[in-house]
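Given next are the chains, with one letter for each unit.
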Amino acid sequence: MRQTTIIKKELVDKKWYIIDAKNVPLGRLSTLVASTLRGKTKPSFTPNVDMGDNVVVINAKDVLLTAKKDENKIYYHHTGYPGGLKQIKAKDLRVKHPEALVEKAVKGMLPRTALGRKQFKNLFVYATEEHKQQAQQPMKLEVK
């Protein structure tokens, strides 16, 4: 009988990947990024260990929103005060904070636990092509 191998956090081999988000649908991009951050692309996936890789997303301002989501999709947040429900359309969010579109989509696909918050810190999103992770020599990852 085969035994299941459980990977410890000290034995995890983390890699760096870079993804160009130019003209890539937001949903396809965020599912690939979320599964890479969790480590689901590795054969030794262990759900309770942070074994995901680090992901750098560039050109976030050029991510593609299909249909009429640019005008119709609304993001909500609450300030915590009575009557403090705020909303912003996707096209306005793209102008004001272009990285937030990708960050919100990926964060919604990660677990809502301490491990999910830790895995989210391995995501680096940039609105343009310039990024600060050249020293890590990230490998290019294509979105299908």
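Overview of the structure.

As for the side chain of asparagine 59
- Along the chain, the position of asparagine 59 falls in the loop between strand S2 (54-58) and helix H2 (69-72).
- Assessed through its relative accessible area of 3%, asparagine 59 is described here as buried.
- When near neighbours in sequence (up to four residues on either side) are disregarded, asparagine 59 contacts Asp20, Ala21, Lys22, Tyr126, Ala127, Thr128 and Glu129.

Looking at the packing of aromatic side chains
- One pass over the full model with this rule turns up one aromatic pair.
- Ring geometry for tryptophan 16 and phenylalanine 124: centres 5.5 Å apart, planes at 25°, overall stacked. Within this pair, whereas tryptophan 16 is found in strand S1 (residues 16-20), its partner phenylalanine 124 is found in strand S5 (residues 123-125), the two being separated by 108 residues in sequence.
- Judged by its relative accessible area of 24%, phenylalanine 124 is partly exposed.
- Sitting over the face of the ring of phenylalanine 120, lysine 107 holds its NZ or CZ atom 5.1 Å from the ring centroid.

Basis of the calculations
Starting afresh in each chain, residues are numbered from 1 along the sequence in its written order. Thresholds applied to this predicted model are a pLDDT of at least 70 for local features of residues and 80 or more for the giving and counting of side-chain atom pairs; totals over whole chains, interfaces and linings are not thresholded and use all residues. Only hydrogens and water are set aside when side-chain values are computed; all heavy atoms of the structure are taken into account. Helix numbering and strand numbering both begin at the N terminus, where a helix is a DSSP run of H or I of at least 4 residues and a strand a DSSP run of E of at least 2. When a residue's accessible area, from a 1.4 Å probe over protein chains only, is under 20% of the maximum for its type it is buried; when over 50% it is exposed; and in between it is partly exposed. Any two residues whose heavy atoms approach within 4.5 Å are treated as being in contact. Two rings from Phe, Tyr or Trp (for Trp, the six-membered ring) form a pair when their centres sit within 6.5 Å of each other. Planes less than 30 degrees apart are called stacked, planes more than 60 degrees apart edge-to-face, and all others tilted. For a ring to carry a charge above it, either NZ of a lysine or CZ of an arginine must fall within 6 Å of the ring centroid while also lying within 35 degrees of the normal to the ring plane.

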